[in-house]
Amino acid sequence: LFVCLFVFSGMEKLIFCAHKRPNALCRLICFPWAGGGTSQLAHWSTLVSNSIEVLCVRLPGRETRINEPFAKDMTSMVNEVTSVLLKELQEKPFAFFGHSFGSYLSFAVAVHLKEKYGLEPVHLFSSGAHAPNSDAMLSLKRIPISDTKDEEILEYIQKIGGTPPELLHNQEIRKHVVLTVKEDLRVLQTFSFEKAETGTPLSCDITCFNGSDDIPHDLQAWQELTSGDTSFYKLPGGHFYLLEHSNEIFLTKHITRCIENADL
């Protein structure tokens, strides 16, 4: 009983599911961007077909986990997601969607699952992110997070959008948003991936999405990370193009079609 309660509380803590669909054929696991929570992607459950159950990963230090310490590195994040979700991932097919920071976390979890358990998503959807094996990742690691002033982080947050301006008017919320983004960027800098000489780490199809007005991301290198097909889509908007309703409709329809066309 104790073990069951632990697993249940771990699942409820880490995962938010707005619409439970026990009879769904596949689960779509969504990974948030730096500083992000579950609310924006959770409502995708109303946009995808009933054959898909949408689960959103809730990271420590925010929402209902606001009193928990932030993760210190990518490995601990990957281990938590994997250990909590393993039973669910073993029982039916799943796909991953990640935006920006979430894209790197979803890829790291996918590689870990493949290496340790022989499991992998039927499809990996990456958004607004460089390929983890690209040289562009090195520039992210050179950002001196500890020396970066809160005002600079706030300016960056306001520039790329994604956070309602009215939230940033509240001093306490603004302070926490800045801290959360800073801590997630610190975690990202602990992530490193070097393609093993033994071959490509994944075999699932990968789809990469990007905003037309976002900074150019090195997307082509994603092709080296899977023996499956890789496709690329540019949608109108900046870094948070995916929050535009028309883009949400395109994304959820495309994701639904890819999942339903997969060999489930």
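Fair warning: this is a prediction, and the values are worked out from it, not measured in the lab.

Chemist: Explain unusual backbone geometry to me, please; I cannot follow it from the model alone.
Modeler: Glycine aside, negative phi is the norm for most residues, and most peptide bonds take the trans geometry. With a phi close to 50°, Glu63 is a non-glycine residue in the positive phi region. With respect to the element layout, Glu63 can be found in the loop between strand 3 (52–57) and helix 3 (74–91). Its relative accessible area of 34% is what places Glu63 among the partly exposed residues. Backbone geometry places Ser100, a non-glycine residue, at a positive phi of 55°.

Chemist: What is the right way to look at helix 8 (residues 171–188) in this model?
Modeler: An α-helix turns once every 3.6 residues. As a result, residues three or four positions apart point the same way. In a regular helix each residue adds 1.5 Å, so 18 residues correspond to 26 Å; helix 8 covers 26 Å between its end C-alpha atoms and thus fits that length. Among the residues making up helix 8, those that are buried are Val177, Val178, Thr180, Val181, Lys182, Glu183, Asp184, Leu185, Val187 and Leu188. Structurally, helix 8 contributes buried residues whose contacts are with helix 3, helix 4 (101–117), helix 5 (136–141), helix 6 (150–160) and helix 7 (165–168).

Chemist: Help me out: how do you make sense of the environment of Asp214 in this one?
Modeler: Along the chain, Asp214 falls in the loop between strand 6 (205–211) and strand 7 (230–235). Assessed through its relative accessible area of 14%, Asp214 is described here as buried. The contacts of Asp214, once residues within four sequence positions are left out, are Gly128, Gly237, Gly238 and His239. A polar side-chain atom of Asp214 sits 2.7 Å from a polar atom in the side chain of His239.

Chemist: What should I look at first to understand the sheet that holds strand 3 in this one?
Modeler: Within a sheet, adjacent strands bond to each other through the backbone by hydrogen bonds, running parallel or antiparallel. Taken in spatial order, the seven strands make up an open sheet running 1-3-2-4-5-6-7, and their pairing is mixed. In this open sheet, the two strands that pair with only one neighbour each are strand 1 (15–16) and strand 7. Bridge count between strand 2 (residues 26–31) and strand 3: five bridges; the pairing is parallel. Its bridge partner being in strand 3, Arg27 is matched across the sheet by Glu53. Sheet contacts for helix 3: strand 1, strand 2, strand 3 and strand 4 (94–99); angle to strand 2, the most-contacted strand, approximately 160°.

About the thresholds
- Every chain is numbered on its own, with residues counted from 1 as its sequence reads.
- This being a predicted model, a pLDDT of at least 70 is required before a residue's local features are given, and a value of 80 or more before pairs of side-chain atoms are given or counted; all residues contribute to the totals for chains, interfaces and linings.
- The side-chain figures draw on all heavy atoms in the structure; neither hydrogens nor water molecules are used.
- Segments assigned H or I by DSSP are reported as helices when at least four residues long, segments assigned E as strands when at least two residues long, and all are numbered from the N terminus.
- Each residue gets one of three labels from its accessible area relative to the maximum for its type: buried under 20%, exposed over 50%, partly exposed in between, using a 1.4 Å probe on protein chains only.
- What a helix is expected to span follows from its residue count: subtract one and scale by 1.5 Å.
- Whether two residues touch is decided by their heavy atoms; if any such pair falls within 4.5 Å, the residues are in contact.
- Pairing of N or O atoms within 3.5 Å defines a polar contact, subject to two protein rules: one partner must be a possible hydrogen donor and the other a possible acceptor, and residues neighboring in sequence count only if both atoms are side-chain atoms.
- The pairing criterion for strands is at least two bridges between them, as found by DSSP.
- Simply put, an axis is a line fit to the C-alpha atoms, just over the touching stretch for a helix, and the angle between two N-to-C directions goes from 0 to 180 degrees.

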